[in-house]
Structure formats: C-alpha cells, structure tokens
Amino acid sequence: MKKIILLPFFILLLYCKSAKNKVDRENKMEEEIEITTKNNSCPQDGTCTIEILKNKSLAIKKDEFNQIYFQEIVNNKTSIIKFQYQRDNEKGYADGNYREEIIFEINNTETSLNLSDNALQTTKMLFGRHCFCKGQAGYFNITKGNLSLTKENEEYKLTLDFLITEVPQIIKTISTSVK
C-alpha cells in the first residue's frame, strides 16, 4: 500500500526536476552565444567554436603547483570571449583528445581594441592546451602577439596572431566574427 501512495510522489518529483533543468538550460543559452566555425583559423582535422559569455569576468588564479587556472565570475561591465579548437578524435584511442582554447575578457562598452605583446594581458588573455601530454598541458599567459577587435551592430570581428613559447601550439592565428 505504501508503494502505491509513494509512486505519484516520485513521478511528480521527477517531473519537477526535469522542468527545472529545462529552465536552467534555457537561461544558460540566453547568457551565452556560441557559433561553430569552419574558417581559415580552424585546422581541417577539427572543429572550432567561439562563444561570448556576457556579463562575466575572468579571475586568474594559481594553484599550489604554480599552475594557472581561472574562474568565471559575474560582472555586468565585462564579457568573456572564448575560442576553442577541438581535434577530431582518432578511433581506438582512449586518451586521444586534444583541445586548445584562447580566452580573454573585454569591456562591454569597448567598440575597438588593438593590443600587442604584453598589453594583451590587460584582457587577461590565456592560452589553454588540454591533452594527454604530461608537462605540456594547462593554461599560459599570452604575452606575444597582436589582437584587433571591433564591434559593430552587436557583431565582434576578431583577429589574433600569437605565439606561446612554453608549449607547442596548433592555433596561431584566429580571424573570425561572432554576433
């Protein structure tokens, strides 16, 4: 008898949780804009995406091993731009994943930005290399390169040339736009 009484309760609980998850996903989609791109910036053996995390800021930190990591925090004065290259996985390899990302912060009121070398750090620009490559993965400050960013009618046009000396890199140039 107890099972019959509890069954509707569990069904209602599962329905409410499912509805809440759907609302959470919809709210997250409103915060982020993501566009998958295949362009000159993206190698043929993978997929590139660029996303804008509106009203977010980067908090750059270091762990106990002096390795860089970041946290996204709410800030209605800035947004985060994240470019990511994901290499297509080779079948049969459990540890064959390879990903590079470039992440940086911009002021929401900024309409034009031209930075070079150490000035790139005013945007907290990071290069991330994620792979099964011991000692050659993690996040690194980008201090060599050129960034050109313009915003017109809610569309950002981005050109970035950069070099990382700490680890090998595949992505060295990004030329794309995102709305």
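Counting from 1, residues in each chain are numbered in the order their sequence is written. Reporting in this predicted model follows two pLDDT cut-offs: at least 70 for local features of residues, and 80 or more for side-chain atom pairs to be given and counted; totals over whole chains, interfaces and linings ignore these cut-offs and use all residues. Calculated side-chain values reflect all of the structure's heavy atoms, with hydrogen atoms and water omitted.

**Focus on the nonpolar core**
Rule in force here: Throughout, nonpolar core names a set of buried Ala, Val, Leu, Ile, Met, Phe, Trp, Tyr and Cys residues whose side chains join them through atoms within 4.5 Å. Relative accessibility under 20% of the residue-type maximum defines a buried residue, over 50% an exposed one, and the middle range a partly exposed one, all with a 1.4 Å probe and only protein chains included. A run of H or I in DSSP counts as a helix once it spans at least four residues, and a run of E counts as a strand once it spans at least two, with each numbered from the N terminus. Whether two residues are in contact is decided by their heavy atoms: any pair within 4.5 Å suffices.
Among the nonpolar cores identified, the biggest contains 29 residues, and Ile102, Phe104, Met125, Phe127, Ile142, Leu147 and Phe162 are the most heavily contacted of them. Those elements that place two or more of their residues in this core are strand S2 (46-53), strand S5 (78-87), strand S6 (98-107), strand S7 (112-116), strand S10 (145-152), strand S11 (155-162) and strand S12 (173-178). Here Met125 is in contact with Ile102, Ile103, Phe104, Leu120, Phe140, Asn141, Ile142, Leu147 and Leu160, once residues within four sequence places are set aside. Membership of the second largest hydrophobic core comes to eight residues, among which are Leu53, Ile68, Ile103 and Leu126.

**Re the state of the cysteines**
So the rule is basically this: Cysteine sulfurs are considered disulfide-paired once they come within 2.5 Å of each other.
Within the structure shown, the criterion is met by two disulfides. A sulfur-sulfur separation of 2.3 Å characterises the disulfide bridge that pairs Cys42 with Cys48. As the torsion about the S-S bond is roughly 90°, the Cys42-Cys48 disulfide counts as right-handed. This pair shows no difference in class: Cys42 is buried, exactly as Cys48 is. Across a sulfur-sulfur distance of 1.6 Å, Cys131 and Cys133 are joined as a disulfide pair. For the protein chain, the disulfide bridges join cysteines in the arrangement 1-2, 3-4, where the cysteines are counted in sequence order.

**Side note on the confidence of the model for the protein chain**
Any region with low pLDDT has predicted coordinates that should not be read closely. To keep it simple, the criterion reads: Confidence scores labelled pLDDT are given residue by residue by the predictor and lie between 0 and 100.
Per-residue pLDDT for the protein chain has a mean of 84; in total, 77% of the residues score no lower than 70. Strand S1 (residues 32-37) is the least confidently modelled element of the protein chain, averaging 47 in pLDDT, while strand S4 (residues 68-74) averages 97, the highest of any element. In the predicted structure, residues 29-38 sits below a pLDDT of 50 and forms 32 contacts with residues beyond four places in sequence or in another chain.

**Structural notes on the pattern of salt bridges**
Condition: By definition here, a salt bridge exists when the distance from a side-chain nitrogen of Lys or Arg to a carboxyl oxygen of Asp or Glu is within 4 Å.
In this structure the tally under the stated criterion is five salt bridges. A salt bridge links Lys82 to Glu72; the nearest nitrogen and oxygen atoms lie 3.6 Å apart. Pair noted here: Lys82 is in strand S5 and Glu72 is in strand S4, with a separation of ten residues, a long-range link. Under the relative-accessibility criterion, Lys82 is labelled buried at 13%. In this structure Glu72 comes out as partly exposed when scored by relative accessible area, which is 33%. Note that Glu154 and Lys151 form a salt bridge whose closest N and O atoms lie 4.0 Å from each other. Lys151 gets classed as buried once you look at its relative accessible area, which sits at 19%.

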